[in-house]
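Single-letter residue listing:
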Amino acid sequence: MDIRYFGKTTMRIALVLGVTGLMGVSALQATPITGRLIINGTSLTGVDLNTVDFNYSGSGPTNPNSVGTFGVGFGSTLTFATLVGTDGGVKSFTRSAIPVGAPVNFDDFITFAAAPNIDIIMTELVPGSFGSAQCGAPAAAGQTCTPVIPGGSAIEFSNSSNGNGGLNAHAQFNVDVNAKNTATGEISTGVGTFSADFSNTSYQALLATIGSGGVVTSGEHGDFTITFNQVPEPATTALVLGGFLLLLGKVGMRRFNRSR
């Protein structure tokens, strides 16, 4: 069964990233990548629950080999503020290439034309956390659903009130990522959420439409939020290392004196 949905994507990646590994002073002096990234002008996202297509044409089957091109929009901050008006890319994928819940190394998942040193790598497509009991229930506010499909599903649906007696639907999936500065070798880890909101409808209606081979369409947009842990200043690092070495020296002298 070909199950698709394609909708306006308010795409937020909240990456709380911690530096891993032991780095030299040159890496410690690097400016951490941080800030908010607004993306515009890409079709986010065409999904058949087996394929995520970030450049869906609006008709026909999804394409797992496509790359969605986005523009870095106004409102982007910090690292991304200097990239406003430039383009980036996000790679499509299939669940056969990126199994749900399995460790992967999907390199160049998100890249930037004007900042080729920024490489966001997907390391896991996270399983959906909702149950399936309400997937086929009569539509109501407060319901949640992760559809049951072979191999597991990453999609999480929910319904909420639209304030006018109707419903709005929300769909999302989560990814674990590494964010790498290829110029310095810094690697940080984080979690991202891709989400789409659909007004005046329920997820049951979306599932009925896509289950019959239809496509739900509602525009283009995205919003990432990336926050890195601050990298220690070289002076602070030197003080910490100096204190550690001094402590080791004292312990060594005490053991030497006891052995005499």
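Quick look at the structure, then. Remember, predicted model here, so these are calculated numbers, not experimental data.

Looking now at the overall build of the protein chain. Scanning the protein chain from N- to C-terminus turns up three helices and 15 strands. Residues counted as buried form 45% of the 260 residues belonging to the protein chain. In the protein chain, the proportion of contacts linking residues at least 24 apart, taken out of those at least 6 apart, comes to 66%. If you sum the accessible surface of the protein chain, you get close to 12,500 Å²; carbon and sulfur atoms cover 57% of it.

With that settled, the discussion passes to the state of the cysteines. Counted by the stated rule, this structure contains one disulfide. Paired by a disulfide, Cys135 and Cys145 hold their sulfur atoms 2.0 Å apart. Judged by the torsion about the S-S bond (100 degrees), the Cys135/Cys145 disulfide is right-handed. In this pair, Cys135 is assigned in the loop between β10 (118-125) and β11 (144-145) and Cys145 in strand β11, connecting sequence segments 10 residues apart.

A few words on the pairing of strand β9 (residues 106-112). Pairing of strand β7 (residues 87-91) with β9 involves three bridges; the strand directions are antiparallel. Along β9, the bridge assignment pairs Val90 with Ile110. Inspection of the sheet shows β9 paired to β10 by three bridges, in the antiparallel sense. The residue of β10 that forms the bridge with Phe106 is Met122. Hairpin connection from β9 to β10: five residues lie between these consecutive antiparallel strands.

Here we come to the environment of Asn168. Counting through the fold element by element, Asn168 comes out in strand β13 (residues 167-181). Considered as a pair, Asn168 and Ala140 are 28 residues apart in the sequence and their alpha carbons are 9.9 Å apart. One polar contact links the side chain of Asn168 to the main-chain amide nitrogen of Asn200, over a distance of 2.8 Å.

As for its placement among the helices and strands, Arg95 is situated in the loop between β8 (93-94) and β9. Polar side-chain contacts of Arg95 include one of 2.6 Å to the side chain of Asn50. At 2.8 Å, the side chain of Arg95 forms a polar contact with the backbone oxygen of Pro150. The residues touching Arg95, leaving out its near neighbours within four places in the chain, are Leu49, Asn50, Val100, Leu125, Ile149, Pro150, Gly151 and Gly152.

With that settled, the discussion passes to the nonpolar core. Core analysis: the largest hydrophobic core is formed by 43 residues, its most contacted members being Phe93, Phe109, Phe112, Leu125 and Phe173. Those elements that place two or more of their residues in this core are β3 (35-40), β6 (67-72), β9, β10, β13, β14 (186-198) and α2 (203-211). The greatest single-element share of this core, amounting to six residues, is contributed by β13. Those residues in contact with Phe109 that sit more than four places away from it in its chain are Phe54, Gly89, Val90, Lys91, Phe93, Asp119, Ile120, Ile121, Met122, Val175 and Phe194.

Here the focus is α2. Listed as buried for α2 are Tyr203, Gln204, Leu206, Leu207 and Ile210. The buried residues of α2 all sit within an arc of 160 degrees when viewed along its axis, so they share a single face. Gly213 sits one or two residues past α2 and shows a positive phi near 95 degrees.

Attention shifts here to the packing of aromatic side chains. Here the structure, examined in full by the defined rule, presents eight aromatic pairs. A ring pair is formed by Phe54 and Phe109, whose centres lie 6.3 Å apart and whose planes are at 65 degrees; its orientation type is edge-to-face. A residue pair is termed long-range when its members are at least 10 positions apart, and Phe54 in the loop between β5 (51-53) and β6 and Phe109 in strand β9 qualify at 55 residues. As far as the burial class goes, Phe54 and Phe109 line up, both buried. Measuring from centroid to centroid gives 5.8 Å for Phe106 and Phe109, while their planes differ by 50 degrees, and the two rings are tilted. Phe109 matches Phe106 in its accessibility class, with the two residues each being buried. The structure contains a cluster of three or more aromatic residues connected by ring pairs, namely Phe54, Phe93, Phe106, Phe109 and Phe173.

Moving on to the pairing of β14. Each regular strand carries side chains that alternate between the two faces of the sheet. In this structure, β13 lies alongside β14, joined through 13 bridges in antiparallel fashion. From the neighbouring strand, Asn174 faces β14, where its bridge partner is Thr193. Where β13 hands over to β14, the hairpin turn is made up of four residues, of which Gly185 adopts a positive phi near 85 degrees.

Cut-offs and rules
Residues numbered from 1 in each chain as written. Predicted model: local features only at pLDDT ≥ 70, side-chain atom pairs only at ≥ 80, totals over all residues. Heavy atoms only, no water. Helix = DSSP H or I, 4+ residues; strand = E, 2+ residues; numbered from the N terminus. Buried < 20%, exposed > 50% of the residue type's maximum accessible area, 1.4 Å probe, protein only. Contact = heavy atoms within 4.5 Å. Areas by Shrake-Rupley, 256 points an atom, 1.4 Å probe, with all protein chains shown as cover. Disulfide = S-S within 2.5 Å. Pairing = 2+ DSSP bridges. Polar contact = N/O pair within 3.5 Å; in protein donor to acceptor, adjacent residues only side chain to side chain. Core = buried A, V, L, I, M, F, W, Y, C linked by side-chain atoms within 4.5 Å. Arc of directions from axis to C-beta. Phe/Tyr/Trp six-rings, centres within 6.5 Å; stacked < 30°, edge-to-face > 60°.

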